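Given next are the chains, with one letter for each unit.
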Amino acid sequence: MEPTAAGTIVDRRSMVSLMSRLRASRGQADPYPIYAELRSMGDVLPAPWGGHLLLSHELCDQVLRSRTWATFDAEWRARQGEGNRWSAPASRQLSKTLQGLNPPHHTRQRRSLGNVFDRNTLTGLQPFVAQAVEDLLDRLSGQLRTNGEADFSALVGEDLPVATIGHWLKLPQADHALLRELTHGQAYAQELLPSASQLAQANAAAEGLREYFTAVVAERRRSLGDDALSNWIRTWDELEPDREVADETLYHLVMFIVIASLETTSTLLSNMVWLLDQHPRQRAWLLDHPEAAPNAVEEVLRYDPPIHLTTRVATEDTVLSGVRIARDEVVHVMIAAANHDPDQFVDPDTFDIGRTAAHLGFGGGIHYCIGAALARVEATELLQGLIRRFPTLRVTTPPLWEPRMAFRRLTALHVAER
Ligand code: HEM
């Protein structure tokens with residue numbers, strides 16, 4: 001039993017039942033009533049497996065921005081011993097990516113990338129994204145003509161992000177399917193409670209990603225151009241005298257940028273179609289106001305963000321909202337629950353494309369998403385294309401969700417013109 005900020009006593013066993021509901025297929029389809037139940041029990045709740053869940057917007061935001069909280073880096077993972085999820089190869093691989101680094105290593109690597117999606121880069125990418133959207137919508141149109149129905153997620157949602165990042169980093173189109181598959185596998189390593197088989201898939205994917213991106217860096221070295229990766233290679237050759245260390249860093253950087261961009265953006269794109277379908281009056285209004293597409297995208301990111309939670313570790317003994325947390329203990333920052341906090345958002349469970357309040361869908365603090373602007377461009381371009389070309393597109397069956405708690409993924413979303 002553990003006292004919470006609200007003064008109530010929370011039994012870890014009642015948490016177990018709520019967490020099981022969250023992992024079940026109904027919970028995956030709609031976890032928000034469960035998040036609300038959790039929030040009613042307190043802002044800081046004991047997780048059944050140790051550590052705590054943070055439910056309020058204020059606390060989640062505070063932890064993401066505070067230096068008292070670190071990401072679980074290689075040293076923390078090593079302190080957890082051998083033979084557990086933290087010692088799995090997929091987990092070790094993540095500990096060397098931006099997401100697994102703390103200052104000063106994180107600062108050095110993040111700075112080395114430069115201002116990744118500045119206005120110039122986005123302006124340069126926009127025509128490509130616009131054309132990719134047209135091509136994918138042609139494909140959707142063809143499939144709808146032939147079959148009367150199509151899986152939007154497989155056909156469009158999963159393809160636009162890999163086409164865009166592949167174009168930007170000059171990764172051959174023939175490799176895109178492989179990259180999608182490896183990313184799906186590696187995402188299990190970032191899951192809250194991965195099963196043994198999920199971890200095995202993540203480990204296999206980690207090995208595939210290592211082979212692929214090590215080769216990409218080596219090949220790019222042989223023919224440097226004016227692309228982002230070539231520029232990072234030049235930067236690291238100046239920063240790091242040891243070529244092997246530079247190449248190892250470059251492989252982790254470029255690999256993580258690719259995997260961080262795929263699954264997340266795909267979920268946003270499919271979720272956008274699903275949520276607007278569920279709110280036909282707002283969808284109809286958008287048909288006459290395509291200029292409001294960026295706002296609609298933002299509300300999708302708030303209402304059901306692609307990443308539902310991320311985790312941090314206490315760097316010292318501390319107290320959060322009256323709850324004592326020891327050094328090295330983890331807290332799960334429940335981004336999606338924070339995005340529905342009534343103290344932050346009016347009518348938080350109402351999907352409303354007219355709202356403007358800031359959400360935590362892209363995280364916060366030093367690990368704030370570097371690809372937020374690109375994801376917004378892709379989603380806005382696609383939404384405007386859909387409004388223009390498919391005004392009567394409707395979802396025919398509710399989506400299927402991958403059974404995961406951290407990284408949302410729609411595995412199918414069937415649509416037809418009605
Ligand atoms: C809708 C799409 C996306 C969502 C919802 C999203 C969400 C997030 C979130 C929540 C974080 C912070 C994780 C944490 O604090 O632990 C993050 C970090 C990151 N994202 Fe995204 N992301 C998206 C798209 C992208 C894209 C398109 C790229 C790259 C082109 C990208 C690259 C990254 C990278 C490299 C990080 C790590 C930054 C760091 O640790 O310093 N993301 N993202």
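Scroll up for the structure.
Values in this document were obtained by computation on a predicted structure and should not be read as measured data. (Residues numbered from 1 in each chain as written. Predicted model: local features only at pLDDT ≥ 70, side-chain atom pairs only at ≥ 80, totals over all residues. Heavy atoms only, no water.)

S.K.: Help me out: how do you make sense of the pairing of strand 7 (residues 310-314) in this one?
M.R.: When a strand is regular, its side chains alternate between the sheet's two faces. For strand 7, a buried count of five out of five residues is recorded, marking the element as mostly surrounded by other parts of the structure. Side chains of strand 7 alternate between two faces, with Thr310, Arg312 and Ala314 and Thr311 and Val313 buried alike. Both strand 5 (residues 69-70) and strand 7 contribute to a ladder of two bridges, which runs antiparallel. Of the residues in strand 7, the one forming a bridge with alanine 70 is valine 313. (Buried < 20%, exposed > 50% of the residue type's maximum accessible area, 1.4 Å probe, protein only. Helix = DSSP H or I, 4+ residues; strand = E, 2+ residues; numbered from the N terminus. Pairing = 2+ DSSP bridges.)

S.K.: Before we go on, may I ask you to explain the coordination of the iron atom of the ligand in this structure?
M.R.: Ideal donor angles around a metal are set by the shape: a four-donor tetrahedron calls for 109.5 degrees, a six-donor octahedron for 90 or 180 degrees. Protein coordination of the iron atom of the ligand is limited to a single donor, Cys369 (SG), positioned at 2.3 Å. Within the secondary structure, cysteine 369 is located in the loop between helix 17 (335-338) and helix 18 (372-389). (Donors = N, O, S within 2.8 Å, 3.2 Å for Na, K, Ca; no water.)

S.K.: I keep staring at the sheet that holds strand 5 and nothing clicks. Help me out?
M.R.: Within a beta sheet, neighbouring strands are joined by backbone hydrogen bonds and run either parallel or antiparallel to one another. Taking strand neighbours across the sheet as the criterion, the five strands line up as 3-4-10-7-5 in an open arrangement whose pairing is mixed. Two strands close off the open sheet at either side, each with one partner strand: strand 3 (44-46) and strand 5. Along the sheet, helix 4 (residues 57-65) makes contact with strand 3, strand 4 (52-54), strand 5, strand 7 and strand 10 (330-333), crossing strand 10 at roughly 120°. (Contact = heavy atoms within 4.5 Å. Axes fitted to C-alpha atoms, helices over the stretch in contact; angles between N-to-C directions.)

S.K.: Which parts of the structure should I look at to understand the nonpolar core?
M.R.: Judged by nonpolar contacts, the single largest core of 87 residues is most densely connected at Leu140, Trp168, Phe213, Trp232 and Leu382. Per-element accounting of this core gives the leading share, 18 residues, to helix 14 (residues 243-277). Of all hydrophobic cores here, the second largest spans 22 residues; its members include Tyr32, Tyr35, Met334 and Met405. (Core = buried A, V, L, I, M, F, W, Y, C linked by side-chain atoms within 4.5 Å.)

S.K.: What is the right way to look at the packing of helix 7 (residues 105-112) against helix 13 (residues 228-239) in this model?
M.R.: Two numbers describe a pair of packed helices, the interaxial angle and the distance between the axes. Interaxial distance between helix 7 and helix 13 falls to 10 Å at its minimum, and their mutual angle equals 135°. It follows that helix 7 is oblique to helix 13 by the angle criterion. The residues of helix 13 that touch helix 7, namely those facing Arg108, Gln109 and Ser112, are Trp232, Thr235, Trp236 and Leu239. For the contact of helix 7 with helix 13, the per-class residue count stands at three nonpolar, three polar and one charged. (Parallel < 35°, antiparallel > 145°, perpendicular 65-115°, else oblique. Nonpolar A, V, L, I, M, F, W, Y, C, P; charged D, E, K, R; others polar.)

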